[in-house]
Amino acid sequence: MKQIAIIDHMGGIDFHIIAGHLADCNHAVYTQDGRLFLVRVERVYQTGQDALYIEDRSTAVITLASGTSSSQLTQIIARLQGMTAWDWLTQEALTFHGQQYDFHII
């Protein structure tokens with residue numbers, strides 16, 4: 001996976017840069033505090049091989065895993081890309097103990 005820089009806008013003029021990996025053209029993964037997150041991103045700048053993305057704050061951030069290492073990123077993304085939405089809901093979301101998800105369907 002391609003490594004990218006993600007701008008995390010915190011409001012006003014505050015922001016910080018997160019090192020992430022592009023999972024596909026619109027989504028990236030990054031680790032923070034031992035957790036792996038999936039986020040929608042938009043490319044805002046590219047020169048040569050370097051690209052800068054901004055996090056799409058109008059969408060949700062999903063916690064994919066806890067206690068992950070960078071060597072597991074490719075394996076986790078490949079597993080998710082091979083699942084249907086139903087597989088993910090029944091095999092992952094419903095089997096995670098102590099969590100309740102409120103899914104909003106439009």
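Residues numbered from 1 in each chain as written. Predicted model: local features only at pLDDT ≥ 70, side-chain atom pairs only at ≥ 80, totals over all residues. Heavy atoms only, no water.

Student: I'd like to hear about unusual backbone geometry, residue by residue, with values.
Tutor: In the Ramachandran plot, Asp33 falls in the positive-phi region, its phi being about 55 degrees despite a non-glycine side chain. With respect to the secondary-structure elements, Asp33 resides in the loop between strand S3 (27-32) and strand S4 (35-47). (Helix = DSSP H or I, 4+ residues; strand = E, 2+ residues; numbered from the N terminus.)

Student: Can you tell me about the side chain of Asp56, naming the residues and giving the values?
Tutor: Along the chain, Asp56 falls in the loop between strand S5 (50-55) and strand S6 (62-66). Polar contacts involving the side chain of Asp56 include one to the side chain of Ser58, which spans 2.5 Å. With sequence-adjacent residues up to four places away left out, Asp56 is seen in contact with Arg40, Val41 and Glu42. (Polar contact = N/O pair within 3.5 Å; in protein donor to acceptor, adjacent residues only side chain to side chain. Contact = heavy atoms within 4.5 Å.)

Student: Provide a residue-level description of the side chain of Glu55, including the pertinent values.
Tutor: Its place among the elements puts Glu55 in strand S5. In this structure Glu55 touches Ile6, Ile7, Asp8, Tyr30, Val39, Arg40, Val41 and Val61, once residues within four positions along its chain are discounted.

Student: Which residues make up the pattern of salt bridges, and what are the values?
Tutor: Following the criterion strictly, the structure yields 1 salt bridge and no others. We note a salt bridge from Arg40 to Asp56, for which the minimum N-O separation is 3.5 Å. Taken as a pair, Arg40 in strand S4 and Asp56 in the loop between S5 and S6 lie far apart in primary sequence, 16 residues in all. Look at Asp56 and you get buried, because its relative accessible area is 13%. (Salt bridge = Lys/Arg side-chain N within 4 Å of Asp/Glu carboxyl O. Buried < 20%, exposed > 50% of the residue type's maximum accessible area, 1.4 Å probe, protein only.)

Student: Break down the pairing of strand S1 (residues 2-11) for me, with residues and values.
Tutor: A regular strand places its side chains on the two faces of the sheet in alternate fashion. Summarising the sheet, S1 and strand S2 (residues 14-24) pair through 9 bridges and their orientation is antiparallel. Paired with His9 across the bridge in S2 is Phe15. Remark: 2 residues form the turn of the hairpin made by S1 and S2, two consecutive strands paired antiparallel; Gly12 in that turn has positive phi of roughly 60 degrees. Pairing analysis gives 3 bridges linking S1 to S5, with the strands arranged parallel. Note that in S5 the partner of Ile6 across the bridge is Tyr53. (Pairing = 2+ DSSP bridges.)

Student: Would you mind going over the nonpolar core in detail, with residue names and values included?
Tutor: Of all hydrophobic cores here, the largest spans 11 residues; its members are Ile4, Ile6, Ile18, Leu22, Ala28, Tyr30, Phe37, Val39, Val41, Ala51 and Tyr53. Of all the secondary structure elements, the ones that give two or more residues to this core are S1, S2, S3, S4 and S5. Here the element with the most residues in this core is S4; it accounts for 3 residues. When residues no more than four places from it in sequence are discounted, the contact partners of Ala51 are Lys2, Ile4, Ala5, Arg43, Tyr45 and Gln46. Counting residues in each nonpolar core, the second largest holds 6 residues, with Leu36, Ala65, Leu73 and Ile77 among its members. (Core = buried A, V, L, I, M, F, W, Y, C linked by side-chain atoms within 4.5 Å.)

Student: Give a detailed account of the pairing of S2, specifying residues and quantitative values.
Tutor: Here S2 runs beside S3; their pairing, made up of 3 bridges, is antiparallel. Looking across to S3, one finds that His21 is bridged to Val29. Linkage of S2 to S3, two consecutive antiparallel strands, is achieved through a turn of 2 residues.

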